Amino acid sequence: MTYGTFTAKYLENDVLSRSREMLIPLMYEHLLAHLRRAKIQIEQKDLEGKGESIGRATTIVTELLATLDMERGGEIANRLAALYTFFSSELLRIGKTLDLKSLEKITVMVSDLHESWLAIAKEQAGRIPDGRDSLYERRR
């Protein structure tokens, strides 16, 4: 099994083993990983890698936007939709301008959202499945 295949299988198992309420925090964890990777790639002038990381981050933001239930979500869903739209446009701009200050601002915002979603998920689930901490918490 190649490293790429092993990694893909690990990620698939991680997604499948998560409870429903832990999937949104997982998406935020991956979004944060791509944003942090893009920062490093911009600093190292790895424009190809930066493009891939920004592209994957944008895909996750688009998926988060698509998962919103606008009918039942009310004002919160509307605000999140506006925020995700802002993230998408900023990521597009950052991809062109390499603006690290804006990238850091978005990373902090996403991190705050992740913490909020994680707290909600923990409250709903009572505990994280299998007693595991999130990928984000393990990295701290």
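Provided above is the structure to which this section pertains.
If you're wondering where the values come from, they're calculated on a predicted model, not measured in any experiment. (Residues numbered from 1 in each chain as written. Predicted model: local features only at pLDDT ≥ 70, side-chain atom pairs only at ≥ 80, totals over all residues. Heavy atoms only, no water.)

Section: unusual backbone geometry
Selection criterion: Think of it in three bands: residues with accessible area under 20% of the maximum for their type are buried, residues over 50% are exposed, and the middle band is partly exposed, with areas taken using a 1.4 Å probe on protein chains only. The helix count covers DSSP runs of H or I at least four residues long, the strand count covers runs of E at least two residues long, and both are numbered beginning at the N terminus.
Positive phi values are uncommon outside glycine, yet K45 reaches one of about 60°. Overall, K45 belongs to the exposed group, its relative accessible area being 67%. A positive phi angle, close to 60°, is found at L98, a residue other than glycine. With respect to the secondary-structure elements, L98 resides in the loop between α4 (70-97) and α5 (100-125).

Describing α4
We apply this condition: The span you would expect from a helix comes to 1.5 Å times its residue count less one. Note that bend, as reported per residue, equals the angle between axes fitted to the 7 residues terminating at that residue and the 7 residues originating from it. Throughout, a contact is declared for two residues whenever any of their heavy atoms are within 4.5 Å. We call two N or O atoms a polar contact when they sit within 3.5 Å, provided that within protein one can donate a hydrogen and the other can accept it, with sequence-adjacent residues counted only if both atoms are side-chain atoms.
Here α4 is 28 residues long, yet its end C-alpha atoms lie only 33 Å apart, well below the 40 Å a rise of 1.5 Å per residue gives. At I76, α4 is bent by approximately 75°, the largest bend along its length. Turning to α4, its buried residues are A77, L80, A81, Y84, F87, E90, L91, I94 and G95. Residues of α4 that are buried sit in contact with α2 (23-43), α3 (47-67) and α5. One side-chain oxygen of the residue at the start of α4 lies 3.2 Å from the amide nitrogen of E71, identifying that residue as D69. Downstream of α4 by a residue or two, L98 has a phi angle that is positive, lying close to 60°.

Observations concerning the packing of aromatic side chains
Note the threshold: Classification of ring pairs uses Phe, Tyr and Trp, with its six-membered ring standing for Trp, and accepts pairs whose centres are within 6.5 Å; under 30 degrees between planes counts as stacked, over 60 as edge-to-face, and the remaining range as tilted.
The final tally for this structure, using the stated rule, is two aromatic pairs. Measuring from centroid to centroid gives 6.5 Å for Y84 and F87, while their planes differ by 45°, and the two rings are tilted. Of this pair, Y84 and F87 both sit in helix α4, separated by three residues, roughly a single helical turn. Overall, Y84 belongs to the buried group, its relative accessible area being 1%. Arranged with centres 6.1 Å apart and planes meeting at 50°, the rings of F86 and F87 form a pair that is tilted.

A closer look at the nonpolar core
Note the cut-off: The nonpolar core is taken to be a set of buried Ala, Val, Leu, Ile, Met, Phe, Trp, Tyr and Cys residues, with the residues joined through side-chain atoms within 4.5 Å.
Within the largest apolar cluster, 24 residues are counted, with the highest numbers of intra-cluster contacts made by Y28, L31, L35, L64, Y84, F87 and V110. Examining the composition of this core, we find that eight residues originate from one element, α2, more than from any other. Not counting the four nearest positions on each side in its chain, L31 is found in contact with A57, I60, V61, L64 and V110.

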